[in-house]
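Each chain, written out:
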Amino acid sequence: MSTTGKVIRCKAAIVWKPGGSFSIEEVEVAPPKAKEVRIKMVATALCGTEMKMLKDKNLQHQHYPIIMGHEGAGIVESVGEGVSTVKAGDKVIALFLPQCGECTSCLNSADNFCIKLKQAETHLMSDGTSRFTCKGKPVYHFGNTSTFSEYTVMDESSVAKIDAAAPLEKVFLVSCGFSTGYGGAINTAKVTPGSTCAVFGLGGVGLSVIMGCKAAGATRIIAVDINKDKFEKAKEVGATECINPQDYEKPIQEVLFDLTGDGVDFSFEVIGNPETVAAALASCRESHGVCVIIGLIIGVQLNISGHLFFSGRSLKGSVYGGWKGRDGASKLVSDYMAKKINLDALITHSLNLDKINEAVELMKTGKWQVTHTIFMSEYLGPREMCPLCPVTLSMMLTN
Ligand code: NAD
Ligand code: ZN
């Protein structure tokens with residue numbers, strides 16, 4: 001029976017108050033209004049950004065209850081009036097970074113910061129209302145996406161149509177983690193062949209930066225993390241050396257100068273810590289080093305000596321790896337299908353949505369190598385997975 005035009009009742013992970021944990025609830029998802037799309041989510045993941053939202057006071061707002069989740073892929077269930085770029089049945093990527101195609105950023109080929117991203121700050125759809133209710137209360141949206149719900153509603157500008165043959169439980173990573181890191185290296189830093197790079201922070205995003213540096217032809221990629229359990233995976237995706245700042249008496253920037261002679265050509269902060277931003281910038285070559293901040297830093301001032309810039313270093317920000325939302329996601333999925341990129345290394349654990357709080361605990365303790373962990377895949381069915389057991393999804397699909 002068609003669900004088009006009807007309210008859908010389904011499961012979602014709701015956070016009811018600042019600092020709260022996820023609670024699995026039945027929610028009502030209203031049909032999409034004009035220029036909106038309702039999507040059945042197939043795969044979603046917990047990113048470092050949600051972790052920060054749960055614990056970092058600077059990121060906690062008053063928009064509760066809320067359905068978080070900004071990394072995911074699914075299938076269009078129905079579309080609202082005037083939607084022209086997707087139709088029911090299309091496979092799509094959910095995008096926290098929209099691409100309206102009309103604003104000054106969208107019309108500028110060198111810019112990706114679509115004006116519609118500001119809509120996410122209201123935690124509501126563009127008409128100022130929510131499409132979710134739970135226990136009679138409206139529930140706020142998150143990041144233009146709210147992927148921690150079996151069904152969600154998004155603005156058409158946040159939905160990228162992808163190849164119908166793409167495996168959603170793999171390519172969902174172009175929704176945030178992979179694209180952000182990979183593009184941070186190739187689009188924002190513009191890593192050059194033969195260069196030396198340092199990547200601070202080896203979560204799913206940092207590992208994707210390493211992949212981007214390697215693809216751009218960097219010959220030396222130094223991975224930096226305080227959790228040495230991350231090193232094996234970093235080497236697997238392309239790091240040539242791995243160092244733990246806690247193994248040294250000296251500040252890490254001095255260690256990097258000792259290792260390289262005159263600093264790295266490109267450095268990346270993929271943690272979201274003002275102190276590591278300062279260290280990453282100071283690790284760059286004085287004359288032309290480029291430091292890219294990918295980690296989320298909100299409500300904190302950076303304490304950086306102006307002297308570091310005198311000789312020509314630069315410090316840049318990067319959102320969604322510099323890709324335009326919809327164009328970038330579709331292109332990267334095509335690249336995956338053409339075997340130009342490989343996302344397999346980034347998926348180490350698979351859990352059902354009901355286990356989302358276990359994933360949060362595991363992420364907090366850094367017990368697994370890659371934090372971008374998949375939930376909710378319909379391919380997983382009712383099978384329960386040991387969260388500590390590194391069984392990959394592809395193995396599960398074949399048995
Ligand atoms: P993550 O939590 O999985 O990874 C962070 C890594 O940093 C961990 O391996 C941790 O051990 C390491 N770390 C923590 N403190 C450290 C220190 N002092 N020195 C060295 N290593 C340290 O996070 P993630 O999902 O990979 O995301 C990374 C960052 O990117 C987050 O801040 C997230 O909010 C941000 N992000 C930004 C964008 C964007 O568009 N700019 C998009 C997605 C995520
Ligand atoms: Zn725009």
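Residues numbered from 1 in each chain as written. Chains lettered and ligands numbered in written order. Predicted model: local features only at pLDDT ≥ 70, side-chain atom pairs only at ≥ 80, totals over all residues. Heavy atoms only, no water.

Novice: Help me understand the overall build of the protein in this model?
Specialist: A count of helical and extended segments in the protein gives twelve helices and 16 strands. Relative to a compact globule of 399 residues, whose C-alpha radius of gyration would be 21 Å, the protein shows 21 Å and is just as compact. C-alpha atoms of the protein, sized along the principal axes, occupy 65 × 45 × 40 Å. For the protein, with 399 residues in total, the buried portion stands at 58%. For the protein, restricting intrachain contacts to residue pairs at least 6 apart in sequence, the fraction spanning at least 24 positions comes to 72%. Accessible surface, the protein: about 16500 Å² in total, of which carbon and sulfur atoms supply 54%. Looking at the protein, you have 40 positive and 41 negative side-chain charges, and the mean spots of the two groups are 3 Å apart. (Helix = DSSP H or I, 4+ residues; strand = E, 2+ residues; numbered from the N terminus. Rg over C-alpha atoms; globule rule 2.2 N^0.38 Å. Buried < 20%, exposed > 50% of the residue type's maximum accessible area, 1.4 Å probe, protein only. Contact = heavy atoms within 4.5 Å. Areas by Shrake-Rupley, 256 points an atom, 1.4 Å probe, with all protein chains shown as cover. Lys, Arg positive; Asp, Glu negative; His and termini not counted. Charge placed at Lys NZ, Arg CZ, Asp CG, Glu CD.)

Novice: Please clarify how unusual backbone geometry should be interpreted in this entry.
Specialist: If a residue is not glycine, its phi is most likely negative; likewise, a peptide bond is most likely trans. The peptide bond linking Tyr 64 to Pro 65 adopts the cis configuration, its omega dihedral lying at -5 degrees. Looking at the element boundaries, Pro 65 is found in the loop between α1 (48–55) and β4 (72–79). Positive phi, normally seen in glycine, also occurs at His 123, with a value near 60 degrees. Mapping His 123 onto the fold places it in the loop between α2 (104–107) and β6 (132–134). Positive phi, close to 60 degrees, is recorded for Lys 339, a residue that is not glycine.

Novice: Could you clarify how one ought to interpret the coordination of the zinc ion (ligand 2) in this entry?
Specialist: Working reference: metal with six octahedral donors, ideal angles 90 or 180 degrees; metal with four tetrahedral donors, ideal angle 109.5 degrees. Distances from the zinc ion (ligand 2) to its protein donors, Cys 100 (SG), Cys 103 (SG), Cys 106 (SG) and Cys 114 (SG), fall within 2.3 to 2.4 Å. The site at the zinc ion (ligand 2) holds four donor atoms, and with the angles between them running 104 to 119 degrees, its shape is tetrahedral. Expressed as a motif, the donor residue spacing for the zinc ion (ligand 2) is C-x2-C-x2-C-x7-C. One end of the pair, Cys 103, is in the loop between β5 (91–94) and α2; the other, Cys 114, is in the loop between α2 and β6, and eleven residues separate them in sequence. The exposure classification of Cys 103 matches that of Cys 114, with both residues buried. (Donors = N, O, S within 2.8 Å, 3.2 Å for Na, K, Ca; no water. Tetrahedral: all angles 85-135°; square planar, octahedral: opposite > 155°, others 65-115°.)

Novice: I'm lost on the nonpolar core in this one. Help?
Specialist: Buried together is how nonpolar side chains tend to be arranged in soluble globular proteins. Core analysis: the largest hydrophobic core is formed by 59 residues, its most contacted members being Ile 93, Phe 178, Val 191, Ile 210, Cys 213 and Phe 268. Here this core gets six residues from one element, more than from any other, and that element is helix α5 (residues 204–215). Not counting residues up to four positions away in its chain, the partners in contact with Phe 178 are Leu 173, Gly 183, Ser 208, Met 211, Leu 332, Ile 341, Leu 343 and Leu 346. Ile 8, Cys 134, Val 153 and Met 363 belong to the second largest nonpolar core, which has 31 residues in total. (Core = buried A, V, L, I, M, F, W, Y, C linked by side-chain atoms within 4.5 Å.)

Novice: Sorry if this is basic, but what is going on with the sheet that holds strand β7 (residues 137–139) here?
Specialist: The pairing of strands in a sheet comes from backbone hydrogen bonds and takes either a parallel or an antiparallel form. Reading across from one edge, β1-β2-β6-β7 is the order of the four strands in this open sheet, with antiparallel pairing throughout. Both edges of this open sheet fall to β1 (8–15) and β7, since each of them pairs with a single strand only. Pairwise comparison of adjacent strand axes, ignoring direction, gives a mean angle of 45 degrees for this sheet. Where β1 lies against strand β2 (residues 22–29), eight bridges are found, and the strand directions are antiparallel. Paired with Ala 12 across the strands is Glu 25, a residue of β2. (Pairing = 2+ DSSP bridges. Axes fitted to C-alpha atoms, helices over the stretch in contact; angles between N-to-C directions.)

Novice: For this particular structure, what's the right way to read the packing of helix α4 (residues 177–189) against α5?
Specialist: Two packed helices can be described by the angle between their axes and the distance between those axes. In the contact formed by α4 and α5, the axes pass within 7 Å of each other and the chain directions differ by 40 degrees. Looking at the two axes, α4 sits oblique to α5. Classified by chirality, the crossing of α5 by α4 is right-handed. Residues Gly 177, Phe 178, Thr 180, Gly 181, Tyr 182, Ala 185 and Ile 186 of α4 lie in contact with α5, whose contacting residues are Gly 204, Val 205, Ser 208, Val 209, Met 211, Gly 212, Cys 213 and Ala 215. By residue class, the composition of the contact of α4 with α5 is nine nonpolar, six polar and no charged. (Parallel < 35°, antiparallel > 145°, perpendicular 65-115°, else oblique. Left-handed = near helix turned anticlockwise from the far one by under 90°. Nonpolar A, V, L, I, M, F, W, Y, C, P; charged D, E, K, R; others polar.)

Novice: I keep staring at the environment of Thr 219 and nothing clicks. Help me out?
Specialist: The topology assignment puts Thr 219 in the loop between α5 and β11 (220–224). The spatial distance from the C-alpha of Thr 219 to the C-alpha of Cys 291 is 17 Å, given a sequence separation of 72 residues. With residues near it in sequence (within four places) discarded, Thr 219 still touches Gly 194, Ser 195 and Thr 240. A distance of 3.1 Å separates a polar atom in the side chain of Thr 219 from the backbone oxygen of Gly 194. (Polar contact = N/O pair within 3.5 Å; in protein donor to acceptor, adjacent residues only side chain to side chain.)

Novice: How should I be thinking about the domain arrangement of the protein in this particular structure?
Specialist: How big an interface is tends to be stated in terms of accessible area lost as the parts join. Domain assignment breaks the protein into domain 1 (8–177 + 322–374) and domain 2 (190–317). Centre-to-centre separation of domain 1 and domain 2, based on C-alpha positions: 28 Å. (Domains from an automatic or database assignment.)

Novice: Sorry, what's going on with the sheet that holds β11 here?
Specialist: Spatial ordering of the open sheet is given by β12-β11-β10-β13-β14-β15, a layout of six strands whose pairing is parallel. Edge positions in the open sheet fall to β12 (241–243) and β15 (314–317), since each of these has one partner strand only. Within this sheet the neighbouring strands show an average axis-to-axis angle of 20 degrees, counted without direction. Strands in contact with α4 are β13 (266–269), β14 (290–293) and β15; relative to β13, the strand with the most contacts, it is inclined by about 135 degrees. Strands β10 (196–200), β13, β14 and β15 of the sheet are contacted by helix α8 (residues 274–282), whose axis makes an angle of about 175 degrees with β13.

Novice: Is there a simple way to explain the UniProt feature "domain: Alcohol dehydrogenase-like C-terminal" (unreviewed entry) in the protein in this structure?
Specialist: When the UniProt feature table is mapped onto this chain numbering, "domain: Alcohol dehydrogenase-like C-terminal" (unreviewed entry) sits at residues 204–324. Segment residues 204–324 splits into 34% helix and 17% strand. End C-alpha atoms: 20 Å apart. (UniProt positions renumbered as here; feature names shortened; annotations may be inferred.)

Novice: When you look at helix α11 (residues 356–365) in this model, what are you seeing that I'm missing?
Specialist: Since the α-helix advances by 3.6 residues per turn, residues separated by three or four positions end up pointing in the same direction. Where α11 is concerned, the buried positions are Ile 356, Ala 359, Val 360, Leu 362 and Met 363. Considered in projection along α11, the buried side chains sweep an arc of 165 degrees and stay on one side of the axis. (Arc of directions from axis to C-beta.)

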